[in-house]
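Descriptive analysis of the structure
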Amino acid sequence: MAIVGSILFAFYAVAAAAAMFFFQVPLALVIGLSILLVGIQYKIGKWAALRSVGAEDMDEDQYREIHQRVEWICEDMNLEKPRLMVAEMGVPNAFAVGRRGAGTVVVSTELIQMLDMDELEGVLAHELAHIDNRDVVAMVLGQGVASVVAIVAQYIVLFTGDNQLADFFLAIIVGQVVQMLVMVFVLAISRYREYVADADAARAIGGGDPLARALQKISDGNERVPNDKTAVDNEVSALCIFGESHGLAKLFSTHPPMEKRIERLRNA
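Here's a quick rundown of the structure. (Residues numbered from 1 in each chain as written. Predicted model: local features only at pLDDT ≥ 70, side-chain atom pairs only at ≥ 80, totals over all residues. Heavy atoms only, no water.)

Comments concerning the overall build of the chain
Looking only at helices and strands, the chain has 10 helices and four strands in total. Overall, the chain shows an N-to-C arrangement of helices and strands of α-α-β-α-β-β-β-α-α-α-α-α-α-α. Against the globule reference of 18 Å for 268 residues, the chain gives a C-alpha radius of gyration of 20 Å, in line with a compact fold. Taken along the three principal axes of its C-alpha coordinates, the chain extends 65 × 40 × 35 Å. Relative to its 268 residues, the chain shows a buried fraction of 47%. (Helix = DSSP H or I, 4+ residues; strand = E, 2+ residues; numbered from the N terminus. Rg over C-alpha atoms; globule rule 2.2 N^0.38 Å. Buried < 20%, exposed > 50% of the residue type's maximum accessible area, 1.4 Å probe, protein only.)

Structure follows, in C-alpha cells:
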C-alpha cells in the first residue's frame, strides 16, 4: 500500500512539475485545479452511480431488520448510519458511495432475496467498512491523479508538436495510455482495500463464514445471469462487492479473485 501510494504521488509530482515547466503554471494553481477536479469527480460519480441503478430509499417498515442490523454494525464501528437504498440491478450485488458522515449503501433486491440474513449482514458490514475506511474517497483521489497525469501528457504533446492534426490524435492516444498505466496502480489499491473491507466486516460480525457464504452465492448468481442483463451493474462495477476478471485482465480488475477472498474469510 505504501509503495503503490508513493508511486502514485510520484506520478502526480512529475505531472505537476511538467505543468509548471512547460506551461508556466504556478504550483498553487496546479494543486487547486487538481482538488477541483477530484471534487467534481466525487460529486458526479456519487450521483451517477445512484442514478444508473435507479436506487430508491429503503423503507424502514418493509426492511426493518436490515436497518436494525446496519445500526448494530455502525454502533460497533463507531460510524454514523449511512443512507440505505435499494435497487433492481438485474444481479445480486451491493455497493457503497460517499464518506464517513455522508455515506450511502445500495443493496439490490436480487441480493436481499438470495441471501440469508446473517449472510446479508456480512455484505452490509463489508460496505460499511468501505465507508468507515474512506475507500471511495481514496479511489476518487487515485482516479483524479490518473486524470491529471493524462491531461498534462496530452497538453505536452499538443504544445510541443508541429502538426496540429497529427498531434491532436497522438495526444488522445498518449493520454489514454498514460491514464491506463496510472490506473494499474490505482486498481491495485482497490483490490487491496477489498481484502481490508472483508477483514473488517468479519471482525464486526464475529467471523468470516457468513460473508464467505454470501460471496459464493453472489459469484454463482452472477455467473447464471445472461450477459445482456449485467449492463447496469457494469456501470458501477468498481463500487460493487462483486467484480472479477481472469488472465491479464486481472491487472485492470477492481476486485481480487473471489476464491482468494473466500479462502481468507474462512481462515479468519
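What about the packing of helix α6 (residues 135-160) against helix α7 (residues 164-205)?
Where α6 meets α7, the closest approach of the two axes is 8 Å, and the angle between their N-to-C directions is 160°. It follows that α6 is roughly antiparallel to α7 by the angle criterion. Every pair of crossing elements has a handedness; the one defined by α6 and α7 is right-handed. When the residues that make up the contact of α6 with α7 are grouped by side-chain class, the tally is 17 nonpolar, seven polar and three charged. (Axes fitted to C-alpha atoms, helices over the stretch in contact; angles between N-to-C directions. Parallel < 35°, antiparallel > 145°, perpendicular 65-115°, else oblique. Left-handed = near helix turned anticlockwise from the far one by under 90°. Nonpolar A, V, L, I, M, F, W, Y, C, P; charged D, E, K, R; others polar.)

Description of a nonpolar patch on the surface
Together, Ile151, Tyr155, Leu158, Phe159, Leu165, Phe168, Phe169 and Ile172 make up a nonpolar patch on the protein surface, roughly 790 Å² of accessible area in all. Listed by contribution, the elements that provide at least two residues to the nonpolar patch are α6 and α7. (Patch = residues over 30% accessible without salt bridge, like charges linked within 9 Å, V, L, I, M, F, W, Y side chains within 5 Å. Areas by Shrake-Rupley, 256 points an atom, 1.4 Å probe, with all protein chains shown as cover. Salt bridge = Lys/Arg side-chain N within 4 Å of Asp/Glu carboxyl O.)

As for the packing of aromatic side chains
Tallied over the full model, the rule gives seven aromatic pairs. Measuring from ring centre to ring centre gives 5.6 Å for Phe23 and Phe159, while their planes differ by 70°; the resulting arrangement is edge-to-face. Of the two residues, Phe23 sits in helix α1 (residues 2-23) while Phe159 sits in helix α6, which places them 136 residues apart along the sequence. Classification of Phe159 by relative accessible area gives exposed; the value is 58%. Seen in terms of ring centroids, Tyr155 and Phe159 are 5.9 Å apart; in terms of plane orientation they differ by 20°. Their pairing is stacked. (Phe/Tyr/Trp six-rings, centres within 6.5 Å; stacked < 30°, edge-to-face > 60°.)

What about the pairing of strand β4 (residues 104-108)?
Of all five residues in β4, five are buried; the element is thus mostly enclosed. Burial along β4 is two-sided: the residues Thr104, Val106 and Ser108 and Val105 and Val107 are all buried. Across five bridges, strand β2 (residues 83-87) lies against β4 in parallel orientation. In the strand pairing of β4, Met85 is matched with Val106. Strand direction decides the pairing type here: strand β3 (residues 94-97) and β4, joined by four bridges, are antiparallel. By the bridge assignment, Val97 is partnered in β4 with Thr104. (Pairing = 2+ DSSP bridges.)

Describing helix α2 (residues 27-52)
With 26 residues, α2 should reach 38 Å at 1.5 Å per residue; the first-to-last C-alpha distance of 37 Å fits that figure. Inspection of α2 places Val30, Ser34, Val38, Tyr42, Ala49, Leu50 and Ser52 among the buried residues, and these make up the whole buried set. Where α2 ends, the next residue or the one after it, Gly54, has phi of about 65°, a positive value. (Expected span 1.5 Å × (residues − 1).)

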